[in-house]
Amino acid sequence: MVGESKRVGVMGGTFDPIHHGHLVTAEAALWAFRLDEVLFVPTGQPWMKADREVTPAEHRYLMTVIATASNPRFSVSRLEVDRRGPTFTVETLQELRRQAEDDIELFFITGADAMLEIFHWKDPEEVLSQAHFIAATRPGYDIARFEQEAPSRHPNVSVLDVPALAISSTDIRRRVREGEPIRYLVPEGVETYIRKVGLYQDQG
Ligand code: ATP
Ligand code: MG
């Protein structure tokens, strides 16, 4: 459309593994903010998350591709996967803007938990100037606390109500390790991939 910029949602995450909580959140944001597409951006390697080793980026990237393949409005970026060292959201957003052929409007989608972390980083104003932020509700995380601690009244931040799915990658990894089912928590293809490669078998 002439004169209208493309509305692009950006969903960052470790996706270790991607699950239906991520997908439902992305779809809700797509609909609520009339986005043209959502770009999933798996984080790069190497860095430690909560004292555990993160699964190699290539596996996390492939699972994200498998999970999003059937949605014509979802795609996956290798931007952070291919970049060495830690990546920062600000740099990623700047890079996406540089790479875009047309004018784009960026919407960064996160759960309320991840959004709080962003506001505890240095220079939140700089991050906030780069995109519109969508903070999705997430079971187990108090949105009221979020409203108190984060500048949710900031013109660039919106809270999005998402059908509650108490699913986390941490719980899925534990389930695989302990032999509990993960069916219906992750897309079928993702479960198949986890079994095929033997992910999450022996992590403490
Ligand atoms: P982990 O348990 O390893 O931290 P996770 O389930 O939190 O994994 P991440 O890859 O850390 O998944 O999350 C990526 C983004 O998706 C974050 O912004 C997070 O807040 C959001 N998110 C994850 N699960 C949900 C969910 N069930 N509902 C809403 N948002 C979610
Ligand atoms: Mg998380």
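The following paragraphs examine the structure supplied in this document. (Residues numbered from 1 in each chain as written. Chains lettered and ligands numbered in written order. Predicted model: local features only at pLDDT ≥ 70, side-chain atom pairs only at ≥ 80, totals over all residues. Heavy atoms only, no water.)

Some thoughts on the overall build of the protein
Right, so step 1: Check the secondary structure of the protein and you find eight helices and eight strands.
Right, so step 2: Every one of the 204 residues in the protein was classed for burial, and the buried ones make up 50%.
Right, so step 3: Put simply, of all contacts in the protein between residues at least 6 apart along the chain, 72% involve residues at least 24 apart.
Right, so step 4: Accessible surface for the protein amounts to roughly 11,100 Å². Of this, 50% is attributable to carbon and sulfur atoms.
Right, so step 5: Taken as two groups, the 23 positive and 31 negative side-chain charges of the protein have centres that lie 4 Å from each other. (Helix = DSSP H or I, 4+ residues; strand = E, 2+ residues; numbered from the N terminus. Buried < 20%, exposed > 50% of the residue type's maximum accessible area, 1.4 Å probe, protein only. Contact = heavy atoms within 4.5 Å. Areas by Shrake-Rupley, 256 points an atom, 1.4 Å probe, with all protein chains shown as cover. Lys, Arg positive; Asp, Glu negative; His and termini not counted. Charge placed at Lys NZ, Arg CZ, Asp CG, Glu CD.)

Notes on the pattern of salt bridges
Right, so step 1: Applying the stated criterion to the full structure yields 13 salt bridges.
Right, so step 2: Linked through salt bridges whose partners overlap, the residues forming this network are Asp171, Arg174, Arg175, Glu178 and Glu180. (Salt bridge = Lys/Arg side-chain N within 4 Å of Asp/Glu carboxyl O.)

Observations regarding the packing of aromatic side chains
Right, so step 1: Throughout the structure, instances matching the rule amount to four aromatic pairs.
Right, so step 2: Measuring from centroid to centroid gives 5.1 Å for Phe40 and Phe74, while their planes differ by 65°, and the two rings are edge-to-face. Here Phe74 lies in strand E5 (residues 74–76) and Phe40 lies in strand E2 (residues 37–42), a separation of 34 residues in the sequence. Accessibility assignment for this pair places Phe40 and Phe74 in one class, buried.
Right, so step 3: Through a chain of ring-to-ring contacts, three or more aromatic side chains come together here, namely Phe15, Phe40 and Phe74.
Right, so step 4: If you follow Arg78 out to its NZ or CZ, it ends over the ring of Tyr61, 4.6 Å from the centre. (Phe/Tyr/Trp six-rings, centres within 6.5 Å; stacked < 30°, edge-to-face > 60°. Lys NZ or Arg CZ within 6 Å of the ring centre and 35° of its normal.)

What about the sheet that holds E2?
Right, so step 1: Within the open sheet, the six strands sit side by side as E5-E2-E1-E6-E7-E8. Their pairing is parallel. Looking at the sheet topology across the chains shown, the edges are occupied by E5 and strand E8 (157–160). Taken pair by pair, the neighbouring strands of this sheet meet at an average axis angle of 25°, ignoring direction.
Right, so step 2: One ladder, built from four bridges, connects strand E7 (residues 132–136) with E8; its direction is parallel. (Pairing = 2+ DSSP bridges. Axes fitted to C-alpha atoms, helices over the stretch in contact; angles between N-to-C directions.)

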